[in-house]
Amino acid sequence: MPASPFFVSRAAAALCALATCAGPATCPAADQAPGPSGYRLAATWKPGGEGRWDYLAVDSAAGRLYIARENRIQVLDTSTGALVGEVPGLNGAHGVALVTGLNRGFATSGRDGKVIVFDLGTLMPAADPIPAGSKPDAITYDPKTNRVFAMNGESHDITVIDPAAAKVIGDIPLPGAPEFAVPDGAGRLFVNIEDKSEIVAIDARAMKVEQAWPLAPGIGPTGLAIDAAGHRLFAGCGNGKLIVLDDMTGKLVADLPIGAHVDATRFDPGEGYAFSSNGDGTLTVAAAASGQFKVLDTVTTKLGARTMALDPKTHAVYLCTADFGPADESSHGRPKPLPGTFVVMKFTR
């Protein structure tokens, strides 16, 4: 199951308690002095519109930020925060994969088990919806094999898509519930299995699982990032740990402390930093290059800011959240975002 505020997760009750105790949470001050990493709040945007949210994705070349917002994908200009437009027609929006060479985007529509195909220029449909497994969630594009991979959280498998034909070309059974996936650019795909607390390595061309590695002492992995050149995987785990594995052997390399209620993890190859966005209102920044792994900074963000995107070109980090009210029957025990409070935060060095 996804661990963001969009759906119920193991962290939902804890986040609800935080929201209830804290009341409406405020953003960090823009003039807040930066810590050792240099990251500070550069801008706060209010794109408008209601609905929960899930994954974020950045198109560096086009300067666009994509945000899954329940029944659509919102697209923002990364310089100004202006709303460029929206991708319509989703039912439980989760993730976006960008195939810029084809000028196409692929978005998971979780409640109806589909992947929506849209034109990156017009944001309108570019092909018929593609059937996926049960509750497709995260989605990624592998340029090496030129394939799109949709993680199906309930059916415990991956739907493999030919992006040019917009057709399913296969399925990959998994040993448990997938949460996030990253390609290494050399033909392998890595997926964290949340309910088994492990990572599986997949041959992306043969479409089969090759190995499974435990993440102990990490439990409940959600976010996953990769340093492809350094052969390192970074798994953000629900028990407050960032686990670093060797992506060739599965060997544990490092175990770093992070904030509570993590959902997303990113790696910036230009700076050599690994990031963990945490629902407790913090962004963990770790030095993760040259064989040395240590937490540099815990940046104040905002309660519930658990999903994240990183622009590798500008090194900006984007997070989003809202103010939360008490859970009620309509929210099924989840913290309830208050109308008109959704914000996107941009952090830079």
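Conventions adopted
Residues numbered from 1 in each chain as written. Predicted model: local features only at pLDDT ≥ 70, side-chain atom pairs only at ≥ 80, totals over all residues. Heavy atoms only, no water. Pairing = 2+ DSSP bridges. Helix = DSSP H or I, 4+ residues; strand = E, 2+ residues; numbered from the N terminus. Axes fitted to C-alpha atoms, helices over the stretch in contact; angles between N-to-C directions. Phe/Tyr/Trp six-rings, centres within 6.5 Å; stacked < 30°, edge-to-face > 60°. Buried < 20%, exposed > 50% of the residue type's maximum accessible area, 1.4 Å probe, protein only. Lys NZ or Arg CZ within 6 Å of the ring centre and 35° of its normal. 1 Å grid on protein atoms, 1.4 Å probe; cavity = no way out; pocket = protein on both sides within 12 Å on 5 of 7 lines; lining within 4 Å. Points joined across faces, edges and corners; volume = space filled by probe spheres on them. Nonpolar A, V, L, I, M, F, W, Y, C, P; charged D, E, K, R; others polar. Contact = heavy atoms within 4.5 Å. Core = buried A, V, L, I, M, F, W, Y, C linked by side-chain atoms within 4.5 Å.

(A) Up close: the sheet that holds strand β5 (residues 83–87). As summarised here, the arrangement of the four strands in space is β2-β3-β4-β5, forming an open sheet in which the pairing is antiparallel. Each end of this open sheet is capped by a strand with a single partner; those strands are β2 (56–59) and β5. In this sheet, adjacent strand axes meet at a mean angle of 20 degrees when their direction is disregarded. Here strand β4 (residues 73–77) runs beside β5; their pairing, made up of four bridges, is antiparallel. Within β5, the position partnered with Leu 76 by the bridge is Leu 83.

(B) View of the packing of aromatic side chains. Scanning all chains against the criterion turns up 11 aromatic pairs. Seen in terms of ring centroids, Trp 53 and Phe 324 are 6.1 Å apart; in terms of plane orientation they differ by 45 degrees. Their pairing is tilted. Residue Trp 53 is found in the loop between β1 (40–45) and β2, and its partner Phe 324 is found in strand β28 (residues 324–325); the two are separated by 271 residues along the sequence. For Trp 53, a relative accessible area of 1% gives the class buried. Residue classification places Phe 324 among the buried residues on the basis of a relative accessible area of 3%. Among the aromatic residues, those joined into a cluster by ring pairs are Tyr 39, Tyr 273 and Phe 275. The ring centre of Phe 342 lies 3.7 Å from the NZ or CZ of Arg 69, which sits over that ring.

(C) Representation of the layout of surface pockets within the structure. Considered as a void within the structure, the largest pocket measures approximately 970 Å³ in volume. Surrounding the largest pocket, 34 residues form its lining, Val 58, Thr 140, Tyr 141, Pro 183 and Arg 266 being those nearest its centre. At the level of secondary structure, the elements contributing two or more residues to the lining of the largest pocket comprise β2, β6 (93–99), β10 (136–142), β14 (178–183), β18 (221–227), β22 (262–268) and β26 (307–310). With five residues, β6 is the largest single contributor of residues to the lining of the largest pocket. Looking at the lining of the largest pocket residue by residue, the classes come out as 25 nonpolar, six polar and three charged. Here the second largest pocket is characterised by a volume of approximately 160 Å³. Along its surface, the second largest pocket is lined by 14 residues, and Glu 50, Gly 51, Arg 52, Glu 70 and Pro 337 are the ones closest to its centre. A breakdown of the residues in the lining of the second largest pocket according to their chemical character gives six nonpolar, four polar and four charged.

(D) Highlighting the environment of Ile 161. Following the sequence through the fold, Ile 161 ends up in strand β12 (residues 157–162). Sequence spacing of Ile 161 and Phe 149 is 12 residues, and the spatial spacing of their C-alpha atoms is 6.3 Å. Setting aside residues up to four positions removed in sequence, Ile 161 forms contacts with Phe 106, Val 115, Ile 130, Arg 147, Val 148, Lys 167, Val 168 and Ile 169.

(E) How the structure looks around the nonpolar core. Counting 29 residues, the largest nonpolar core has Ile 158, Phe 190, Val 191 and Leu 233 as the members making the most contacts within it. Of all the secondary structure elements, the ones that give two or more residues to this core are β11 (147–152), β12, β14, β15 (188–193), β16 (198–203), β18, β19 (232–237) and β20 (241–246). Aside from chain neighbours lying at most four places away, what touches Phe 190 is Phe 180, Ala 181, Val 182, Asp 184, Ile 199, Val 200, Ala 201, Trp 213, Leu 224, Ile 226, Leu 233 and Asp 247.

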